[in-house]
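Overview (structure and organization)
The chain contents come next:
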Amino acid sequence: MALTGVQIFKLLPKTNCKKCGFPTCLAFAMKLAQGGVELSACPDVSEEAKKTLGEASAPPIRSFSLGAGDKAVKMGGENVLFRHDKKFINPCALAINIKDNLSDDELTHKATEIVNSEIDRVGQKLRVDAISIEYASGDRTKYEAAVRLVAEKAPDAAIILNCKDAAAAETAVKAIASRQPLIYCATDVNAEEMANIAKASGVPLCASAQGLEALSALTEKIKGLGVEDIVLDFGAKTAKEIIEHNTQIRRSALKKSFKPLGYPIINFVLRDNPIYEASIASIAIAKYASIVVLSSIEKWKNLALFTLRQNLYTDPQVPMQVEQKIYDIGEPNADSPLMITTNFSLTYFIVSGEIENSRVPSRLAVMDCEGLSVLTAWAAGKFTAAKIAQFIKESGVEGNVSHNEIIIPGQVAILSGALEDKLEGWKITVGPREANAIPTFLKGRSS
Ligand code: SF4
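Keep in mind it's a predicted model, so treat the numbers as computed, not measured. Per-chain numbering applies: the sequence of each chain, read as written, is numbered from 1 onward. Only residues with pLDDT of at least 70 get local features here, since the model is predicted, and only at 80 or more are side-chain atom pairs given and counted; chain-wide, interface and lining totals rely on the full set of residues. Calculated side-chain values reflect all of the structure's heavy atoms, with hydrogen atoms and water omitted.

Turning to the overall build of the protein, a few remarks are in order. By definition, any uninterrupted DSSP run of H or I lasting at least four residues is a helix, any uninterrupted run of E lasting at least two residues is a strand, and each is numbered from the N terminus. Per the secondary structure count, the protein includes 16 helices and 17 strands. The C-alpha extent of the protein, read off along each of the three principal axes, is 80 × 60 × 35 Å. With a 1.4 Å probe rolled over the protein chains alone, any residue whose accessible area is under 20% of its type maximum counts as buried; one over 50% counts as exposed, and the rest are partly exposed. Taking all 447 residues of the protein together, the buried fraction comes to 48%. Should any heavy atoms of two residues lie within 4.5 Å, those residues are considered in contact. Long-range contacts, defined as pairs at least 24 residues apart, comprise 66% of the intrachain contacts of the protein with a sequence gap of at least 6. The protein chains shown are the only cover counted for residues, whose accessible areas, like all others here, come from Shrake-Rupley with a 1.4 Å probe. Just so you have it, the protein exposes about 20,700 Å², and 51% of that area is on carbon and sulfur atoms. Note that His is not counted, nor are the chain ends; the positive residues are Lys and Arg, and the negative ones are Asp and Glu. Working definition for charges: the position is that of NZ of Lys, CZ of Arg, CG of Asp or CD of Glu. Within the protein, the 52 negative side-chain charges are centred at a point lying 5 Å from the centre of the 51 positive side-chain charges.

Here's what the structure looks like:
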């Protein structure tokens, strides 16, 4: 049964040493009770307390990594059903399924596509995170060779060994053990063999069964065999099954503290039609999957799924923002234009992208408005003439420009008069209302 924060507090050292990152032991205990931190964050907790707290202090959904190294994907650890309650924590991994009976050239091509899938969107690097290598050949030697080749060509991707043949899986795990592959999967038939392989190499294991009752029994069996890091697959195929079963699993883990289903979920959404596949994948991403396996990688599909995933896994209470400062775009000199905007990430990346497109070296003054966009910040009284003037004066940009001219967003043209009063000696120019007009605007000024 889950313990309350006060019950946990009684078992902590009560020194308020802050080594866990919390100001007091009580604050740490409260967070631990909510599943928002792990007991191991307190280095001074006694062995006796560890034993007593045991599973009661573990997060309701077990958390561990898919893959190894800098790009390993943390999974699980979620503690809310709805994003508006609190943020979702670990973005789901996107994986591509590759069959081992492809030629070496085709395998290399697919692995390279995955390596090259990374894009930069509003300051975050987004990519296809994992490769599922399917044992389609029925030839263990071929499978091992394919696994080695793909692992070599995609050195940062997490690997899922999609193989129900225990002997083939064992050889493949040994070949790339340092990559911490996920074995997919243990079934009622091979659970013992697969659990022994996973336990021996310390890698996670997927439990696969039809229906939640059978799946719960299987995870209990695997756990009893010594495997802690388990991924759930209940064989969902349709969008309806994914929504229903993923929700039941999340609800059981969070609301009923039902440990046999307290693990990350994998959904295979392979379809011949890429639009249909992207639709099903988006449902799995939105409804609690930790790994979504696709059949193909197209740029349009990646962009749609990356964007959905990124937006679902931001904190709804904390707008995405960038640092307040004067950003150089290109190599501006003293005569280069100076523009100003707010520090909402999306605003910054769109405006800076359009300035880059113009190829006119410029300075962009980005003002801290608590992550609000231009119009919202203006309406909230955070992007006012007085505040802009103060920011510009304190930024020191005056010493770097010869012209003392600042270009404000067209949407707040209304500020120009007041800003002229507050920023004495400066010329205020009203820029375009929409960012996509910036290139024409800047080129027109420099010609
Ligand atoms: Fe308390 Fe442990 Fe945190 Fe120190 S590290 S404040 S002892 S919970």
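From this point on, the discussion continues.
Further remarks concern the site of the ligand. Think of it this way: one heavy atom of a residue within 4 Å of a molecule or strand is enough to make that residue near it. Residues in close proximity to the ligand include Pro-13, Thr-15, Asn-16, Cys-17, Lys-18, Lys-19, Cys-20, Cys-25, Phe-28, Cys-42 and Pro-43, which together make up its full environment. In the shell around the ligand, the residues fall into 7 nonpolar, 2 polar and 2 charged. Any residue outside Ala, Val, Leu, Ile, Met, Phe, Trp, Tyr, Cys, Pro, Asp, Glu, Lys and Arg is labelled polar, Gly included; the first ten of those are nonpolar and the last four are charged.

The element strand E14 (residues 338–342) is extensively covered by neighbouring structure, given that 5 of its 5 residues are classed as buried. Side chains Leu-338, Ile-340 and Thr-342 project from E14 onto one buried face, and the interleaved Met-339 and Thr-341 project onto a second face that is buried too. Being paired, for any two strands, means DSSP has found at least two bridges between them. By the bridge criterion, 5 bridges tie E14 to strand E15 (residues 362–367) in an arrangement that is parallel. Note on E15: the bridge partner recorded for Ile-340 is Ala-365. The parallel pair E14 and E15, bridged by helix H12 (residues 345–358), forms a crossover whose chirality is right-handed. Here, the term right-handed applies to a crossover whose path from the first strand over the helix to the second runs clockwise when the strands point away from the viewer.

Turning our attention to helix H7 (residues 191–201). Residues of H7 that are buried: Ala-191, Met-194, Ala-195, Ile-197 and Ala-198. The arc that holds every buried residue of H7, seen down its axis, measures 160 degrees, which confines them to one face. Taken together, the buried residues of H7 touch helix H6 (166–175), strand E8 (182–186), strand E9 (205–208) and helix H8 (212–224). At the exit of H7 stands Gly-202, carrying a positive phi of roughly 65 degrees. Of all possible arcs, the one meant is that of the directions from the helix axis to the C-beta atoms.

Time to look at the pattern of salt bridges. Salt bridge criterion: a side-chain nitrogen from Lys or Arg within 4 Å of a carboxyl oxygen from Asp or Glu. Throughout the structure, instances matching the rule amount to 20 salt bridges. When the shortest N-O distance is used, the salt bridge between Arg-127 and Glu-118 registers 2.8 Å. We classify Glu-118 as partly exposed; its relative accessible area is 31%. Notably, a salt bridge pairs Lys-301 with Glu-298, separated by 3.2 Å at the nearest N-O pair. The buried category is assigned to Lys-301, whose relative accessible area is 0%. Several salt bridges converge on common partners, so that one network encompasses Lys-71, Glu-118, Arg-127 and Asp-156.

Only the contacting stretch of a helix is used when fitting its axis, a line to C-alpha atoms as for every element, and angles between N-to-C directions run 0 to 180 degrees. It is the contact of helix H10 (residues 274–286) with helix H11 (residues 299–312), at a shortest axis distance of 10 Å, that shows an interaxial angle of 15 degrees. Taken together, the axes of H10 and H11 lie roughly parallel to each other. Two packed elements cross with a definite hand, and for H10 against H11 that hand is right-handed. Between H10 and H11, the contacting residues are Pro-274, Ile-275, Glu-277, Ala-278, Ala-281, Ser-282, Ile-285 and Ala-286 on the first element and Trp-300, Lys-301, Leu-305, Leu-308, Arg-309 and Leu-312 on the second. What sets the label is the angle itself: under 35 degrees gives roughly parallel, over 145 gives roughly antiparallel, 65 to 115 gives roughly perpendicular, and the rest give oblique. Working rule for handedness: look at the near helix, and if it is turned counterclockwise from the far one by less than a right angle, call the crossing left-handed; if clockwise, right-handed.

Two rings belonging to Phe, Tyr or Trp (six-membered ring only in the last case) form a pair when the distance between their centres is within 6.5 Å. Interplanar angles under 30 degrees mark stacking, angles over 60 mark edge-to-face geometry, and anything in between is tilted. Counted under the stated rule, the structure contains 7 aromatic pairs. With a centroid separation of 4.9 Å and 75 degrees between ring planes, the pair formed by Tyr-348 and Phe-349 is classed as edge-to-face. Of the residues examined, Tyr-348 reaches a relative accessible area of 12% and is grouped as buried. Of the aromatic side chains, those joined through ring pairs into one cluster are Phe-88, Tyr-288 and Tyr-313. A ring is scored as having a charge over it whenever the NZ atom of a lysine or the CZ atom of an arginine sits within 6 Å of its centre and within 35 degrees of its normal. Of note, Lys-14 hangs over the ring of Phe-9, and the distance from its end group to the ring centre comes to 5.6 Å.

Those residues of helix H2 (residues 25–34) that fall on the buried side of the exposure criterion are Cys-25, Phe-28, Ala-29 and Leu-32. Down the axis of H2, the sector holding all buried residues measures 100 degrees, keeping them to one side.

This part covers a nonpolar patch on the surface. Patches were defined on residues exceeding 30% relative accessible area and lacking a salt bridge, with like-charge contacts within 9 Å and nonpolar side-chain contacts (Val, Leu, Ile, Met, Phe, Trp, Tyr) within 5 Å. Where nonpolar side chains cluster on the molecular surface, the patch consists of Val-6, Leu-26 and Met-30 and spans about 230 Å² of accessible area. If you trace the backbone, Met-30 turns up in helix H2.

With that settled, consider the nonpolar core. Here, the term nonpolar core denotes a set of buried Ala, Val, Leu, Ile, Met, Phe, Trp, Tyr and Cys residues that are joined through side-chain atoms within 4.5 Å. Residues Tyr-143, Ile-183, Leu-205 and Val-292 are the most contacted members of the largest nonpolar core, which totals 74 residues. It is helix H5 (residues 140–153) that provides the largest number of residues to this core, a total of 6 residues. Look past the residues within four positions of Leu-205 in its chain and what remains in contact with it is Leu-182, Ile-183, Cys-185, Ala-186, Met-194, Ala-195, Ala-198, Ile-222, Val-227, Asp-229, Ile-230 and Val-231.

Within the secondary structure layout, Asn-246 lies in helix H9 (residues 239–255). Between N or O atoms, a polar contact is any pair within 3.5 Å; within protein, one atom must be a potential hydrogen donor and the other a potential acceptor, and residues adjacent in sequence are included only when both atoms are from side chains. Separated by 2.9 Å, the side chain of Asn-246 and the backbone oxygen of Lys-287 make a polar contact. With residues up to four places along the chain from it excluded, the contact list for Asn-246 reads Phe-234, Glu-241, Ile-265, Asn-267, Ala-284, Lys-287, Tyr-288 and Ala-289.

Now for the sheet that holds E9. Strand order in the open sheet made by the 8 strands is E10-E9-E8-E7-E6-E3-E12-E11, with parallel pairing throughout. The outermost strands of the open sheet, each flanked by one partner alone, are strand E10 (230–233) and strand E11 (266–268). For this sheet, the mean angle separating the axes of adjacent strands, direction not counted, is 25 degrees. Note: strand E3 (residues 93–99) against strand E12 (residues 291–294), 4 bridges, orientation parallel. Each residue of the ladder has a partner; that of Ile-96, found in E12, is Leu-294. Seen against the sheet, H8 touches E8, E9 and E10 and runs at an angle of roughly 145 degrees to E9. Strands E3 and E12 of the sheet are contacted by H11, whose axis makes an angle of about 150 degrees with E3.

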